[in-house]
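A closer look at the structure
Here's the letter readout for the chains.
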Amino acid sequence: PNPAALRARSGRSGLTERRALEGLAAAPMLAPALANADTGMLDELSTQLNALEVTEGGFYATILGTLLPILFLVVVYAQSEARKSAERRA
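Residues numbered from 1 in each chain as written. Predicted model: local features only at pLDDT ≥ 70, side-chain atom pairs only at ≥ 80, totals over all residues. Heavy atoms only, no water.

Here the focus is the overall build of the protein. Along the backbone of the protein there are four helices and zero strands. In the protein, the succession of helices and strands from N to C terminus is α-α-α-α. Expressed as a percentage of the 90 residues in the protein, the buried residues total 1%. Counting every atom, the protein has about 8,000 Å² of accessible surface; 65% of that belongs to carbon and sulfur. (Helix = DSSP H or I, 4+ residues; strand = E, 2+ residues; numbered from the N terminus. Buried < 20%, exposed > 50% of the residue type's maximum accessible area, 1.4 Å probe, protein only. Areas by Shrake-Rupley, 256 points an atom, 1.4 Å probe, with all protein chains shown as cover.)

On to the confidence of the model for the protein, then. Here the protein shows a mean pLDDT of 75. Residues at 70 or above account for 52%. No element of the protein has a lower mean pLDDT than helix H1 (residues 3-10), at 56, and none a higher one than helix H4 (residues 56-89), at 96. (pLDDT = per-residue confidence, 0-100.)

Before going further, it helps to examine the packing of aromatic side chains. Enumeration according to the criterion identifies one aromatic pair in this entry. Between Phe59 and Tyr60 the ring centres are 5.6 Å apart and the planes differ by 65°, which places this aromatic pair in the edge-to-face class. (Phe/Tyr/Trp six-rings, centres within 6.5 Å; stacked < 30°, edge-to-face > 60°.)

Turning to a nonpolar patch on the surface, a few remarks are in order. A cluster of nonpolar side chains, Val54, Phe59, Tyr60, Ile63, Leu67, Ile70 and Val74, forms an exposed patch at the surface whose accessible area comes to about 690 Å². Looking at where Val74 falls in the secondary structure, it is placed in helix H4. (Patch = residues over 30% accessible without salt bridge, like charges linked within 9 Å, V, L, I, M, F, W, Y side chains within 5 Å. Salt bridge = Lys/Arg side-chain N within 4 Å of Asp/Glu carboxyl O.)

Printed below as a string of structure tokens:
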């Protein structure tokens, strides 16, 4: 890509262009390194997936931690509306 053509199309500063062009220039050099990567990356991925597993206790704690405050707020709202309607009648 021609830098002048990129600048004309994007209308952005030369600094951003330079970074984009440097990234394009580095991409072919990284491809062999990624292609020849050992299985260490795959082992690390399986560890990360295990870390994302949800335990049953944590699941229930999240549900209760969400539903109990909502239930409390609904009860408080219902009581306040009942009190307002009783004051209007009196």
